[in-house]
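The residues making up each chain are set out below.
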Amino acid sequence: MWIGVALGLFGMAGFVTAIEWTNRTEFCTSCHGMVQNYNEYKESVHYLNRSGAHAQCADCHVPKALGPKLVRKMFAVNDIIAELKGTLDTPEKMEAMRPILAERVWKYMADSDSRECRNCHSYDSMSTTKQTTTARRKHPEAALEGKTCIACHKGVAHKLPSSKDDL
């Protein structure tokens, strides 16, 4: 019995370690197709900003709670399959798929009420005095309307698809 318990604990620790290891930005950018995304991110406010804080890939793309995290990880297997098949291994292939990939991510974010965004951003803690005139006007309206972050902030960390027809 004790051997079973020990094996179970060892297996669980290995599983949790693997899940957390795959949350590292270094893991995400180890695929050829993600290098372009990483370079775009490094030019965004989520990487370069006045406070010096920057989000990692998992901060925006992986839920914190275990259940949703596991579901998201299952969907991420598609990225690994695409890498193995060579579907996204060149900038040209990435650009061709960008509209489809962007729509998928935006739908996921909208369906989750921009859950990952809200880990760091909330209407309640926004200092409107430090915002632009447009943001100062739009954020209270968006909060009242129950809008998710992605409704207005597409293209914040990665460039948008090349034309509005792509959306």
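Everything below is about the structure shown above.
By convention here, each chain's residues receive numbers from 1 onward along its written sequence. Only residues with pLDDT of 70 or above have their local features reported here, since the model is predicted, and side-chain atom pairs are shown and tallied only from 80 upward, although totals for entire chains, interfaces and linings are computed over all residues. Neither water nor hydrogens contribute to the side-chain values; these are computed over all heavy atoms in the structure.

A. Region of the structure containing unusual backbone geometry. In this structure, Asp 113 is a non-glycine residue whose phi angle is positive, near 60°. Here the phi dihedral of Ser 114 falls at roughly 50°; this positive angle occurs in a residue that is not glycine. Secondary structure counts use DSSP, requiring at least four H or I residues in a row for a helix and at least two E residues in a row for a strand, with both numbered from the N terminus. Relative to the assigned elements, Ser 114 resides in the loop between helix H6 (91-111) and helix H7 (115-118). On the accessibility criterion, Ser 114 (1% relative accessible area) is buried. To sort residues, take the accessible area from a 1.4 Å probe on protein chains only and compare it with the maximum for the residue type: under 20% means buried, over 50% means exposed, and anything in between is partly exposed.

B. Main features of the packing of aromatic side chains. What counts as a ring pair is set by centres within 6.5 Å for rings of Phe, Tyr and Trp (its six-membered ring), and what kind of pair is set by the plane angle: stacked under 30 degrees, edge-to-face over 60, tilted for all other angles. Per the stated rule, a full pass over the model turns up three aromatic pairs. Ring plane angle 75° and centroid distance 5.2 Å describe the contact between Tyr 41 and Tyr 47, whose orientation is recorded as edge-to-face. Assessed through its relative accessible area of 7%, Tyr 41 is described here as buried. What makes Tyr 47 partly exposed here is its relative accessible area of 25%. Above the ring of Tyr 108, the side-chain terminus of Arg 72 is found at 3.9 Å from the ring centroid. Charges are assigned to positions over rings by a cutoff of 6 Å between ring centre and Lys NZ or Arg CZ, combined with an angular limit of 35 degrees from the ring normal.

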